[in-house]
Amino acid sequence: KDAEKISNEICTKTPKEVREYSKAFWSKIGRLEKGERYLERVEKGEADLEKRTENFRVLEYKFENHKEIAEWNSLTLNYSLYKANVKTKFSEEEDRFLLCCLYKYGLDNWAVIRNAFQM
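Description of the structure in this document. (Residues numbered from 1 in each chain as written. Predicted model: local features only at pLDDT ≥ 70, side-chain atom pairs only at ≥ 80, totals over all residues. Heavy atoms only, no water.)

### Description of the packing of aromatic side chains
For the structure on display, the rule yields four aromatic pairs. Measuring from centroid to centroid gives 6.2 Å for Y21 and F25, while their planes differ by 20°, and the two rings are stacked. With Y21 and F25 both in helix 2 (residues 15-28) and four residues apart, this pair spans about one turn of that helix. Relative accessible area serves as the criterion here: at 16%, F25 is assigned to the buried category. Where F63 meets Y103, the ring centres are 4.6 Å apart and the plane angle is 10°; that geometry is what we call stacked. Here F63, found in helix 3 (residues 35-64), pairs with Y103, found in helix 6 (residues 92-105); they are 40 residues apart in sequence, far enough to count as distant. By the ring-pair criterion, three or more aromatic residues cluster together here, those being Y21, F25 and W26. (Phe/Tyr/Trp six-rings, centres within 6.5 Å; stacked < 30°, edge-to-face > 60°. Helix = DSSP H or I, 4+ residues; strand = E, 2+ residues; numbered from the N terminus. Buried < 20%, exposed > 50% of the residue type's maximum accessible area, 1.4 Å probe, protein only.)

Structure below.
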């Protein structure tokens, strides 16, 4: 499944080639000059992906309680930790709209989300 996604992302290798490379990489990582560094980068990437997945699960859960678009305007945001430490350029209404777009279009569709803001 990941080989398919990676293949689609890089466009120059088939899923089979990705699997073969992965197998060779993991069998030789201990012998690579910068193997430990590569492993740290992979682990960081996996942790980032897990955090992103969890954030989207939270977003989905939040929107399950606000099924109707009209209710999304009443979506409550808890800024207690965030706003205290960060200055933002966005209003709460814009934050709600962004969250709605992320939920509707997904985390990887920034071009579509950007266009939604420009409408």
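### Quick look at the layout of surface pockets
The probe, sized like a water molecule, is rolled over the atoms to show the empty space still left. Of the volumes computed, that of the largest pocket is approximately 1,100 Å³. As for the largest pocket, its lining consists of 26 residues, of which D2, K5, I6, E46 and L49 are closest to the centre. Here the lining of the largest pocket gets eight residues from one element, more than from any other, and that element is helix 3. Each residue belonging to the lining of the largest pocket can be placed in one class, and the counts come to eleven nonpolar, four polar and eleven charged. (1 Å grid on protein atoms, 1.4 Å probe; cavity = no way out; pocket = protein on both sides within 12 Å on 5 of 7 lines; lining within 4 Å. Points joined across faces, edges and corners; volume = space filled by probe spheres on them. Nonpolar A, V, L, I, M, F, W, Y, C, P; charged D, E, K, R; others polar.)

### A few points about the packing of helix 6 against helix 7 (residues 110-118)
In the contact formed by helix 6 and helix 7, the axes pass within 10 Å of each other and the chain directions differ by 140°. The pairing of helix 6 with helix 7 is recorded here as oblique in orientation. Classified by chirality, the crossing of helix 7 by helix 6 is right-handed. Where helix 6 abuts helix 7, its residues E94, F97, L98, C101, L102 and Y105 lie against W110, V112, I113, A116 and F117. (Axes fitted to C-alpha atoms, helices over the stretch in contact; angles between N-to-C directions. Parallel < 35°, antiparallel > 145°, perpendicular 65-115°, else oblique. Left-handed = near helix turned anticlockwise from the far one by under 90°. Contact = heavy atoms within 4.5 Å.)

### With respect to the nonpolar core
Counting residues in each nonpolar core, the largest one holds nine residues, listed as F56, L59, F63, L75, C100, C101, L102, I113 and A116. Going through the elements one at a time, helix 3, helix 6 and helix 7 are the ones with two or more residues in this core. Ignoring anything within four residues of it in the chain, the contact list for C101 reads G106, I113 and A116. (Core = buried A, V, L, I, M, F, W, Y, C linked by side-chain atoms within 4.5 Å.)

### Let's talk about the pattern of salt bridges
Counted by the stated rule, this structure contains five salt bridges. Notably, a salt bridge pairs R57 with E50, separated by 3.8 Å at the nearest N-O pair. We classify R57 as partly exposed; its relative accessible area is 41%. Given the relative accessible area of 45%, E50 is considered partly exposed. Measuring nitrogen to oxygen at the nearest pair gives 2.9 Å for the salt bridge that ties E54 to R57. (Salt bridge = Lys/Arg side-chain N within 4 Å of Asp/Glu carboxyl O.)

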